[in-house]
There are 2 protein chains.
Amino acid sequence: MSREGVIAAALSLFHEEGLAKVTMRRVAAVLDTGPASLYVYISDTEDLHAEILDALLADVAEPSSPADWRGRLKGTLRGYIAVLFEHPELARMAMSTMPSGANYLALVEKILALLKEGGVPDGQAAWAVDLLLLFATAQAAEKAAWKASARSPSNFSALAAIIETADVETLPNIVRHGTDLLSGRGDRLDWGFDVLINGVLKTRRMETKS
Amino acid sequence: MSREGVIAAALSLFHEEGLAKVTMRRVAAVLDTGPASLYVYISDTEDLHAEILDALLADVAEPSSPADWRGRLKGTLRGYIAVLFEHPELARMAMSTMPSGANYLALVEKILALLKEGGVPDGQAAWAVDLLLLFATAQAAEKAAWKASARSPSNFSALAAIIETADVETLPNIVRHGTDLLSGRGDRLDWGFDVLINGVLKTRRMETKS
DNA sequence: ACCTGAACACCGTTCAAGT
DNA sequence: ACCTGAACACCGTTCAAGT
């Protein structure tokens, strides 16, 4: 056995049954041994899950159209988000695990290069990568919640119902916007990227007013 | 017994032992019964945890200084983030649960009002609340990961080590920025808020170029 | 209706003992 | 050093049976 062997077993389990089934006990079972044996190579369950994410990040597609830096940046982010959208459970995990695998680093490198090309000053660029990737990951994690509540639509329609019937006295703005608060799932993502990029170009580090 | 009773028991367990201990079995034990009894009032564990978050959101502080709308908006967001920072496990949960409690709605209402005051057009405002709260929540969830890796500092210093020793050929921009990629935890949050606010003011819906 | 004992089907992690 | 059986200490959820 080896770390790679354990990860390979975890990965196949992941593809066949999803992240929820990638448990120490099940991976051990695939390898015909007891769970204790894995601890020689893997420090804990989180370690295992982080490896799965990094393996998947190898598939982040190169943005196809040779557009300007902004277009390629958005394309790269869409590639990253596409991977997480297919496996929303991993987005949740990435939210609280600080990825540090080789493929994640390559992604950070690419984004830094694009920001540099776009003339974003170094000080801002370092923080901007974090902001962009945080947004992309969070958006994927949120979509995971949507998927879950689509399976049992109670949550979403319950929320819509609450908004529709909200008290005009205490929540006037919520009533005014109505279900627009829940709309535009597709364009919204793209709008978010633009907000971030425009904001990064406009906002200097240290220029923290109020 | 009642839903409120169950939630009250869960809340006290949460304050004494943290979210990880708020399990069906333990809450039931507090109420001197078996876990099955809770299912009359609570649909599942997630339901229970969501109630805890909304209860905490009652404490989101009013921004103290009567500043301009931007200052009050940032103050409100800081108030929200402060609650999540104290209980980072809840930030992770909020990331994938679509809060819909009364206190969360009140927070959305307040932010909508401030954006309106700031002259943000309605179409943008509806999406902007989502973006601002997503960012705040994600930031708190990420801080949760930091806390965890501070307990076992291996993750963070390992990441720092990886960055320091990264290959200049393949990862030139990462090497150039070095540990600046991991710096400025405090100012960074405020910079992020400004990026978002500036971006929202600059970016119209539908103006999705490239 | 509301409540519950008991069971089903699982978990992660540790540790003493073996090879 | 590497590996493992067995145990410890838990989980969520369901369901038949009771009140």
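Calculation notes
- Residues numbered from 1 in each chain as written.
- Chains lettered and ligands numbered in written order.
- Predicted model: local features only at pLDDT ≥ 70, side-chain atom pairs only at ≥ 80, totals over all residues.
- Heavy atoms only, no water.
- Helix = DSSP H or I, 4+ residues; strand = E, 2+ residues; numbered from the N terminus.
- Contact = heavy atoms within 4.5 Å.
- Areas by Shrake-Rupley, 256 points an atom, 1.4 Å probe, with all protein chains shown as cover.
- Axes fitted to C-alpha atoms, helices over the stretch in contact; angles between N-to-C directions.
- Parallel < 35°, antiparallel > 145°, perpendicular 65-115°, else oblique.
- Nonpolar A, V, L, I, M, F, W, Y, C, P; charged D, E, K, R; others polar.
- Buried area = accessible area lost by both parts, 1.4 Å probe.
- Salt bridge = Lys/Arg side-chain N within 4 Å of Asp/Glu carboxyl O.
- Polar contact = N/O pair within 3.5 Å; in protein donor to acceptor, adjacent residues only side chain to side chain.
- Buried < 20%, exposed > 50% of the residue type's maximum accessible area, 1.4 Å probe, protein only.
- Expected span 1.5 Å × (residues − 1).
- Least-squares fit on C-alpha atoms with pLDDT ≥ 70 in both.
- Near = heavy atom within 4 Å.
- Phe/Tyr/Trp six-rings, centres within 6.5 Å; stacked < 30°, edge-to-face > 60°.
- Lys NZ or Arg CZ within 6 Å of the ring centre and 35° of its normal.
- Domains from an automatic or database assignment.
- Core = buried A, V, L, I, M, F, W, Y, C linked by side-chain atoms within 4.5 Å.

Novice: Hey, could you run me through the overall build of chain A in this one?
Specialist: When helices and strands are counted, chain A shows 10 helices and 0 strands. Reading the helices (α) and strands (β) of chain A from amino to carboxyl end gives α-α-α-α-α-α-α-α-α-α. Of all intrachain contacts in chain A linking residues separated by at least 6 positions in sequence, the fraction that spans at least 24 positions is 68%. Working note: accessible area of chain A is about 9300 Å², and carbon and sulfur atoms make up 54% of it.

Novice: Help me understand the packing of helix H1 (residues 3-17) of chain B against helix H3 (residues 45-57) of chain B, please; the structure alone is not making it clear to me.
Specialist: For any two helices packed against each other, the geometry is given by the interaxial angle and the distance between the axes. Residues and elements named next belong to chain B. At a minimum axis separation of 10 Å, H1 and H3 run at an interaxial angle of 75°. Taken together, the axis directions place H1 and H3 in an arrangement best described as roughly perpendicular. Touching Arg-3, Val-6, Ile-7, Ala-10, Leu-11, Phe-14 and His-15 of H1 are Asp-47, Leu-48, Glu-51, Ile-52, Ala-55 and Leu-56, all from H3. Split by residue class, the contact of H1 with H3 holds 9 nonpolar, 1 polar and 3 charged.

Novice: How should I be thinking about the interface of chain A and chain B in this particular structure?
Specialist: For an interface, size is often stated in terms of accessible area lost upon the parts coming together. Counting residues at the interface gives 70 residues for chain A, matched by 70 residues for chain B. Both sides together, the interface formed by chain A and chain B hides about 6300 Å², and carbon and sulfur atoms give 63% of it. Contact with chain B buries surface across chain A, with A:Met98, A:Trp127 and A:Trp191 losing the most and accounting together for 14% of the total. Applying the counting rule to chain A against chain B returns 6 salt bridges. Viewed at the interface, chain B and chain A are joined by 14 residue pairs in polar contact (both at pLDDT 80 or more). If you list the elements that add at least two residues to the side of chain A that touches chain B, you get helix H4 (69-86), helix H6 (102-117), helix H7 (122-151), helix H8 (154-164), helix H9 (172-177) and helix H10 (185-202) of chain A. Among the elements that make up the side of chain A that touches chain B, the one with the highest residue count is H7(A) (18 residues). Of the residues that constitute the side of chain A that touches chain B, the class distribution is 31 nonpolar, 18 polar and 21 charged.

Novice: I'm lost on the pattern of salt bridges in this one. Help?
Specialist: Where charged atoms from two side chains of opposite charge come close, those side chains can pair. Overall, the coordinates contain 22 salt bridges over all chains when judged by the stated rule. Where A:Arg3 meets A:Glu51, a salt bridge forms, and the shortest distance between an N and an O atom there is 2.5 Å. With A:Arg3 in helix H1 (residues 3-17) and A:Glu51 in helix H3 (residues 45-56), this pair connects stretches of sequence that are 48 residues apart. A salt bridge links B:Arg70 to B:Asp194; its shortest N-O distance comes to 3.0 Å. On the criterion of sequence distance, the pair formed by B:Arg70 in helix H4 (residues 69-86) and B:Asp194 in helix H10 (residues 185-202) is long-range, its members being 124 residues apart. You can call B:Arg70 buried: its relative accessible area is 9%. Take B:Asp194: its relative accessible area is 2%, and that puts it in the buried class.

Novice: In this structure, what is going on with H4(B)? I would like to understand it.
Specialist: One full turn of an α-helix is made of 3.6 residues, so residues set three or four places apart face in the same direction. The end-to-end C-alpha distance of H4(B) is 26 Å, a good match for the 26 Å that 18 residues give at a rise of 1.5 Å each. With respect to burial, H4(B) is a largely interior element, 13 of its 18 residues being buried.

Novice: Mind showing me how you'd approach the relation of the copies chain A and chain B here?
Specialist: One chain copy maps onto the other through a rotation about an axis and a shift parallel to that axis. Superposing chain A onto chain B takes a rotation of 180° plus a shift of 0.0 Å along the axis, which leaves an RMSD of 0.0 Å. A rotation of that kind, with that shift, is consistent with a two-fold axis. Taking the C-alpha atom as reference, chain A places A:Gly199 closest to the rotation axis, 2.0 Å from it.

Novice: Just checking my understanding: could you explain the protein's contact with DNA strand C for this structure?
Specialist: Surveying the vicinity of DNA strand C reveals 15 residues, the closest of which are A:Arg25, A:Arg26, B:Thr33, B:Ala36 and B:Tyr41. Sugar plus phosphate: this is where 55% of the atoms of DNA strand C within 4 Å of the protein reside. Here A:Arg26 contributes a side-chain N or O atom positioned 2.7 Å from a phosphate oxygen of DNA strand C. With 3 residues, the top contributor of residues to the surface near DNA strand C is helix H2 (residues 24-30) of chain A. A class-by-class count of the residues in the surface near DNA strand C yields 7 nonpolar, 4 polar and 4 charged.

Novice: Can you help me understand the packing of aromatic side chains in this one?
Specialist: The relative placement of two aromatic rings is captured by the distance of their centres and the angle of their planes. Residues and elements named next belong to chain B. A complete count under the given rule lists 4 aromatic pairs over all chains for this structure. Plain terms: the ring middles of Phe-135 and Phe-193 are 5.6 Å apart, the flat faces sit at 85° to each other, and that makes the pair edge-to-face. With Phe-135 in helix H7 (residues 122-151) and Phe-193 in helix H10, this pair connects stretches of sequence that are 58 residues apart. Directly above the aromatic system of Trp-127 lies the positively charged group of Arg-205, at a separation of 3.9 Å from the ring centroid.

Novice: Can you help me understand the domain arrangement of chain A in this one?
Specialist: Along its sequence, chain A is carved into domain 1 (3-42) and domain 2 (62-202). A straight line from the C-alpha centre of domain 1 of chain A to that of domain 2 of chain A covers 31 Å.

Novice: Is there a simple way to explain the environment of A:Asp68 in this structure?
Specialist: Residue and element names in this part refer to chain A. Summarising the element assignment, Asp-68 is placed in the loop between H3 and H4. Sequence separation of Asp-68 and Ala-82 is 14 residues, and the distance between their C-alpha atoms is 21 Å. A polar contact of 3.0 Å, which involves the side chain of Asp-68, links it to the backbone nitrogen of Gly-71.

Novice: I keep staring at the nonpolar core and nothing clicks. Help me out?
Specialist: Across soluble globular proteins, nonpolar side chains have a tendency to be buried as a group. Counting 140 residues, the largest nonpolar core has A:Leu115 and B:Leu115 as the members making the most contacts within it. Once residues within four sequence positions are removed from consideration, A:Leu115 is found in contact with A:Trp69, A:Leu73, A:Val120, A:Ala125, A:Ala128, A:Val129 and A:Leu132.

Novice: Just checking my understanding: could you explain the environment of A:Ile111 for this structure?
Specialist: Residues and elements named next belong to chain A. In this fold, Ile-111 is placed in helix H6. As for Ile-111 and Gln-139, which are separated by 28 residues in sequence, their C-alpha atoms are 18 Å apart. When near neighbours in sequence (up to four residues on either side) are disregarded, Ile-111 contacts Leu-73, Thr-76, Leu-77, Val-129, Leu-132 and Leu-133.

Novice: Where do I start with the side chain of A:His87 in this structure?
Specialist: As for its position among the elements, A:His87 is in the loop between H4 and helix H5 (88-94). Excluding its chain neighbours within four sequence positions, the residues that come into contact with A:His87 are A:Phe14 and A:Leu56.

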